[in-house]
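# Close look at the chain arrangement
The chain contents come next:
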Amino acid sequence: MPSHLFADRPAQPPEPGSVDALISQTRRLRGEVDAVRRDTAVDDDAQGRWQRALCDLAVHQLDDLGEHLGQLKEGLPLAPELCELPEDAPGAEAGPEAQQMRVGSAEWDLLTDEVTWSEELFQIFGRSPEAGPLPLDELGSTLFSEDQPLLTSMVTACLVDGRPIDGEFRIVRADGRVRTLHMRGEPVLDSDGCTASMWAVFRDVSELRRSQRAVRESRDSLQRRQEIAQTEHRLAVELQEAVLPPWRGSLRFPHHTTGTLDVAAHYLPAATSALIGGDWYDALDLPDGRSLLTVGDLTGHGVTATSGTAMMLGALRGMAMAGIEPGPLMGWLNQLLESSVQPALGSAVCCRYDPARRVLSWAQAGHSAPLLFRGGSGRSLQPPEGVLLGATSGAAYGQAEERLEPGDVLVLHTDGLTPCSIEFGRADGTERLLALAPRFTAAGSAQDCVRMVVEEFGEGEREDDACVLVARVGG
């Protein structure tokens, strides 16, 4: 949780160089504190013990800081929503006083049974000075029952074996609040080498431990989300590969007739591999000797979009095989999308080509019109009426016809190929496509035309995926 001193400053991701500098400073500072601790080791009075205990605590904190900085440098990047704790997270409402790691001291004289607590230790335990300090044998009564054996073993080792104390436990204050304390202590020996008293320093590390738990939980949550995202991405890729046509390169159909179509298509992924959308393309040789050409796009990304694409493309193929014309076919697709469990919007263009008459019958649903290239120039076909799929119940879709000639090139594409941006409108992308007309005329195949489109639009980072399909009319 960021310090209140910097609450008015926007959070910025740490630069690698700045983290390395902080790690070096932490290591240097730890060495300096360690040197101070060694210098105070010769003093065995109360002041010296206090200084050594504070140095031990400072070294402990610097070790924690070094570990956290190392995790910051090498660990997982936090998602933006994880960079700040939610309001209901543990410690999120703690004020500046609660966030301070208070330090208090205590000494128990075993010879006189005198107990001395610092003012800070009374505050840490939530105990009034008038109630007096707790004797050593009553200290465990404030601990969680499962933490009491730890305190007993530490105190016994200190008093009997003369070993220093270093451990953490949880206490329940008189006001019912639970705090986590870090205790460091050591025995004070008399002239005969026997334990005369025990001296300890307590540090309230409640907020530190809560912050550490929040970091662990955030990291674990992020890792789980990443694993889920990777699984969904893999499923989306596999589903997309299963849905899109298996053919690569060029297709020629119908066979053994005039007006044969040379067809090629290409899928252009987004720059971010996770953004697998609902774009599709397809070309089919129909039973009546005609051919189906289609491209389309569903809103959304991931498994939801690709599963919707599978549904739409399957229905489209089936209806085309059954002889349904493009206009009515679009109406059925609109009804299918409207009644689907997961609501979405879609755009599509569907063309049926009759090679005997060289006539293209087509319909569109809120989609870019096909581009026709002939004799070194190009133009957009005049679109018939058609709204987005899933937008309006009972929508009617018009149908248009275009007579094609040998050598004509037809280009169908999804909107991701010519995206609209602040600098360029979608019309600018269409103009770039139309400018390829002389090269299309000179191209030897539909595959060559697709290669030209990819060279023109496939470079650089793409915000959305796209499909392009090119059909070249034979003689």
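Rules behind the numbers
Residues numbered from 1 in each chain as written. Predicted model: local features only at pLDDT ≥ 70, side-chain atom pairs only at ≥ 80, totals over all residues. Heavy atoms only, no water. Helix = DSSP H or I, 4+ residues; strand = E, 2+ residues; numbered from the N terminus. Buried < 20%, exposed > 50% of the residue type's maximum accessible area, 1.4 Å probe, protein only. Contact = heavy atoms within 4.5 Å. Areas by Shrake-Rupley, 256 points an atom, 1.4 Å probe, with all protein chains shown as cover. Polar contact = N/O pair within 3.5 Å; in protein donor to acceptor, adjacent residues only side chain to side chain. Expected span 1.5 Å × (residues − 1). Arc of directions from axis to C-beta. Pairing = 2+ DSSP bridges. Axes fitted to C-alpha atoms, helices over the stretch in contact; angles between N-to-C directions. Core = buried A, V, L, I, M, F, W, Y, C linked by side-chain atoms within 4.5 Å. Left-handed = near helix turned anticlockwise from the far one by under 90°. Nonpolar A, V, L, I, M, F, W, Y, C, P; charged D, E, K, R; others polar.

Another aspect to go through is the overall build of the protein chain. Per the secondary structure count, the protein chain includes 12 helices and 16 strands. Split into buried and exposed, the 475 residues of the protein chain put 43% on the buried side. Restricting to contacts in the protein chain with at least 6 residues of sequence separation, those with at least 24 account for 65%. Accessible surface computed for the protein chain: about 24500 Å², of which carbon and sulfur atoms make up 53%.

The residue glutamate 402 is located in strand S14 (residues 400–403) in this model. In this structure glutamate 402 comes out as buried when scored by relative accessible area, which is 18%. Side chain to side chain, glutamate 402 and arginine 379 meet in a polar contact 2.6 Å long.

With respect to the element layout, glutamate 207 can be found in helix H7 (residues 206–243). Side-chain polar atoms of glutamate 207 contact the side chain of arginine 210, separated by 3.2 Å.

Now for helix H9 (residues 326–338). Here H9 contains 13 residues, and its C-alpha end-to-end distance of 18 Å stays within 8% of the 18 Å for a straight helix at 1.5 Å per residue. Residues of H9 that are buried include every one of Pro326, Gly327, Leu329, Met330, Leu333, Asn334 and Leu337, and no others. One side of H9 holds all its buried residues, which, seen down the axis, span an arc of 155 degrees. Looking at the buried side of H9, the elements it contacts are strand S9 (291–298), helix H8 (303–321), strand S10 (346–354) and strand S11 (359–365).

Turning our attention to the pairing of strand S1 (residues 103–109). A regular strand places its side chains on the two faces of the sheet in alternate fashion. One ladder, built from seven bridges, connects S1 with strand S5 (residues 195–204); its direction is antiparallel. Its bridge partner lying in S5, alanine 106 is registered against alanine 200. In this sheet, strand S2 (residues 115–117) lies alongside S1 in antiparallel orientation, the contact comprising three bridges. Considered in S2, the bridge of alanine 106 is made with tryptophan 117. Between S1 and S2, which follow one another and run antiparallel, lie five residues, and aspartate 113 among them has a positive phi close to 60 degrees.

For helix H6 (residues 148–161), with 14 residues, the first-to-last C-alpha span of 19 Å sits near the 20 Å given by 1.5 Å per residue. Within H6, burial applies to Leu151, Met154, Val155, Ala157 and Cys158. Looking straight down H6, one finds that the buried residues subtend no more than 155 degrees of arc, so they occupy a single side. Opposite the buried face of H6, by more than 90 degrees, sit the exposed residues Pro149, Val160 and Asp161. Summarising the contacts, the buried residues of H6 are in contact with helix H5 (136–139), strand S3 (165–172), strand S4 (178–189) and S5. In the stretch just after H6, glycine 162 is the one whose phi turns positive, near 75 degrees.

A few words on the sheet that holds strand S7 (residues 261–268). The strand order across the open sheet built from six strands is S6-S7-S16-S15-S12-S13, with neighbouring strands paired in antiparallel fashion. On the outer flanks of this sheet lie strand S6 (250–253) and strand S13 (377–380), each paired with one strand and no other. With direction set aside, neighbouring strand axes in the sheet form an average angle of 20 degrees. Sheet contacts for helix H12 (residues 446–457): S6, S7, strand S15 (409–413) and strand S16 (466–473); angle to S7, the most-contacted strand, approximately 25 degrees.

Here the focus is the nonpolar core. In this structure, Leu293, Met330, Leu389 and Leu469 are the most contacted members of the largest nonpolar core, which totals 49 residues. Residues in contact with methionine 330, not counting those within four places in the same chain, are Ala348, Val349, Cys350, Ala363, Gln364, Ala365, Leu389 and Tyr397.

Here proline 355 shows up in the loop between S10 and S11. Along the chain, proline 355 and threonine 260 lie 95 residues apart, while their C-alpha atoms are 6.4 Å from each other.

Okay, the environment of aspartate 288 next. Positionally, aspartate 288 belongs in the loop between strand S8 (280–285) and S9. Here the alpha-carbon distance between aspartate 288 and glycine 323, two residues 35 residues apart in the chain, equals 7.9 Å. Within the local environment of aspartate 288, its side chain forms a polar contact with the backbone nitrogen of arginine 290, the two atoms lying 3.0 Å apart.

As a further point, take the environment of proline 129. Along the polypeptide, proline 129 turns up in the loop between helix H4 (119–125) and H5. Relative accessible area serves as the criterion here: at 53%, proline 129 is assigned to the exposed category. On a C-alpha basis, the gap between proline 129 and tryptophan 117 in space is 8.8 Å, while along the polypeptide they are 12 residues apart.

Moving on to the packing of H8 against H9. Packing of H8 against H9 brings their axes to within 10 Å, and their N-to-C directions diverge by 150 degrees. Here H8 and H9 pass one another in a crossing that is right-handed. On the side of H8, the interface is formed by Met311, Met312, Ala315, Leu316, Met319 and Ala320, while H9 contributes Leu329, Trp332, Leu333, Leu336 and Leu337. When grouped by side-chain class, the residues that make up the contact of H8 with H9 number 11 nonpolar, no polar and no charged.

Turning to the sheet that holds S4, a few remarks are in order. Taking strand neighbours across the sheet as the criterion, the five strands line up as S2-S1-S5-S4-S3 in an open arrangement whose pairing is antiparallel. Looking at the sheet topology across the chains shown, the edges are occupied by S2 and S3. Geometrically, the sheet is characterised by an average inter-axis angle of 25 degrees between neighbouring strands, direction not taken into account. Each of S3, S4 and S5 is contacted by H6, which is oriented at about 145 degrees to S3, the strand it contacts most.

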